[in-house]
Amino acid sequence: MAERGRLSRRGFLAAGGAAALGVAAPALWVASRPGGLPDGPPLPEPPVLPLPMGADGWLRGDLTAAPSGDGMAYNGSAPGPLVRLREGDKVRLTFHNRLEVSSSLHLHGLPLAPAVDAPLSHVDPGGSRTQEFVVPPGAAGTHWYHPHAHGDVERQLLAGLAGAVVVTGPDEPAGMDDRLLMLTRTPQGTAVNGAIRPVVAPKAGRLRLRLLNATAGDHLLLGVLRDGARAPMHLIATDGGLIERPVELTEVLLAPGERAEVLVDATTPGRAVLTALPHSAYGPGGPTTPEVPLAAVDVPVGSAPVPLPTTLRPVPEPDLTGAPHRRLVLGGAADGSFSIDERPFDHHRVDIRARVGTTEVWEVVNAHSADHPFHLHTYPVQVLARDGVPEPFRAWRDTVNVPAGAAVTLAVPLHGATGRTVYHCHIAAHEDLGMMGVLEVSA
Ligand code: C2O
Ligand code: CU
Ligand code: CU
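1. So, the coordination of the copper ion (ligand 2)
(1) Moving on: Taken together, His106 (NE2) and His375 (NE2) make up the protein donors of the copper ion (ligand 2), found 1.9 to 2.0 Å from the metal. One end of the pair, His106, is in strand β5 (residues 106–108); the other, His375, is in strand β25 (residues 372–376), with 269 residues separating them in the sequence.
(2) Moving on: The exposure class assigned to His106 is buried, which follows from its relative accessible area of 3%.
(3) Moving on: A relative accessible area of 1% places His375 in the buried class.

2. Points about the sheet that holds strand β31 (residues 436–442)
(1) Moving on: With mixed pairing, the 5 strands of this open sheet are ordered in space as β23-β31-β30-β25-β28. Where the open sheet ends on each side, the last strands, each with one partner, are β23 (352–355) and β28 (399–402). Mean inter-strand twist for the sheet, computed between neighbouring axes without regard to direction, equals 25°.
(2) Moving on: The pairing of β23 with β31 spans 4 bridges and is parallel. Each bridged residue has a counterpart across the sheet, and for Ile352 the counterpart in β31 is Leu439.

3. Quick notes on the sheet that holds strand β9 (residues 177–186)
(1) Moving on: Here 6 strands make up an open sheet; going across it, the order is β10-β9-β12-β18-β15-β16 and the pairing mixed. This sheet does not close on itself; its edge strands, each paired only once, are β10 (189–192) and β16 (241–249). Taken over all neighbouring pairs, the strand axes of this sheet differ in orientation by 25° on average, direction set aside.
(2) Moving on: Pairing of strand β15 (residues 233–238) with β16, which is carried by 5 bridges, proceeds in the antiparallel orientation. Bridge pairing links His234 to Glu248 in β16.

4. Remarks on the pattern of salt bridges
(1) Moving on: If you walk through the whole model with that rule in mind, you get 26 salt bridges.
(2) Moving on: Among the ionic pairs, Glu391 bridges to Arg397, the shortest N-O distance being 3.5 Å.
(3) Moving on: Note on Arg397: relative accessible area 8%, which makes it buried.

5. As for the coordination of the copper ion (ligand 3)
(1) Moving on: Listed as protein donors to the copper ion (ligand 3) are His372 (ND1), Cys425 (SG) and His430 (ND1); their distances from the metal cover 2.0 to 2.1 Å.
(2) Moving on: Along the chain, the residues donating to the copper ion (ligand 3) are arranged with the sequence spacing H-x52-C-x4-H. Linking His372 in strand β25 with His430 in helix α5 (residues 428–432), this pair joins segments that are 58 residues apart in sequence. The two residues His372 and His430 agree in class, both being buried.

Conventions and cut-offs
Residues numbered from 1 in each chain as written. Chains lettered and ligands numbered in written order. Predicted model: local features only at pLDDT ≥ 70, side-chain atom pairs only at ≥ 80, totals over all residues. Heavy atoms only, no water. Donors = N, O, S within 2.8 Å, 3.2 Å for Na, K, Ca; no water. Helix = DSSP H or I, 4+ residues; strand = E, 2+ residues; numbered from the N terminus. Buried < 20%, exposed > 50% of the residue type's maximum accessible area, 1.4 Å probe, protein only. Pairing = 2+ DSSP bridges. Axes fitted to C-alpha atoms, helices over the stretch in contact; angles between N-to-C directions. Salt bridge = Lys/Arg side-chain N within 4 Å of Asp/Glu carboxyl O.

If you want it as structure tokens, here you go:
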């Protein structure tokens, strides 16, 4: 894996700001010139974290965050090692902090009890912390891990601290070439598994692409282009794993922190290009990002077709009878700070108190001029409607983009463990600057 250069916060804001405003840096001008780009290496695969099973049946693993080159890495690798798990696995994962600053290890997307996830506790330099859990049924999906040291998350992410978690379940679709594509921002642009413009050589007639937006704050509108035109993809999974049946689409917006899995046909020989399409995260008519090729797929001659699965996994409809309703307002102030319900984050304050076993309806309103991806720990949610438009299919999610000026209505089943956890914007800079709140779920 490539080593990640350290970016100062000021440097990143300048780079991110320029890209966000559509003022492409020189490298991006080159990147947007069709056909004139050198290929990167074959798609790298991250090293897999060793998780040996002890005599007691528990898997044991260690992730150590430490300085690496100009940046930071988990176990010397940026992106960090891939954590491969199965539903039902018993896991003891120990995080060791060998950085000079506080950090922590958050398993984003695994619905772990607040006491295990502990998003508000930091590990001091030299310290360690073990998370012990059984991977819950239904947790299969593409997830990830990253630091949750409030105030320093953006810097640590950009320095290289992020890795993927792939959990498999009993009902995985068969016969596909299953690939993880973890997207991060590097000084050279958006990397895929640490490489710029890598090339995928499909090993089956259909690719399952596990797309993971692990950037610190870049919205990525992804599509697959063939001869410049959009090829169809089939969405099979969101943050919370498989949906009920494949949904055909030609683009998928991945907000920071969000995941999606798409199937791409790999029987027509030739090149397909996974592309970041022009997109505005500042509302209609807002400044757009340039089109950037992210990875090439070179389909060989003679791949046998792999049929599209017809059904995937049931996603139950939440029972909303008597559900309490709440309204949460995401806001930004002129001084550059961010808030939820006009209050910047305070870890001593509980913002929402709720009862375990209930399902709530949250209307998340974006009163600001930029998109904010809303993320809730521990309790997977379903989108009910976006700006009043009913969601066309049911899906479990943990990160949902709330466009500038828009509102998203969520079903929030608070089932399982009690405790104190957080919800926040997954643009790391916004979270660091206060766009986070505390949820306490009690018996
Ligand atoms: Cu991926 Cu609270 O974070
Ligand atoms: Cu999370
Ligand atoms: Cu935000």
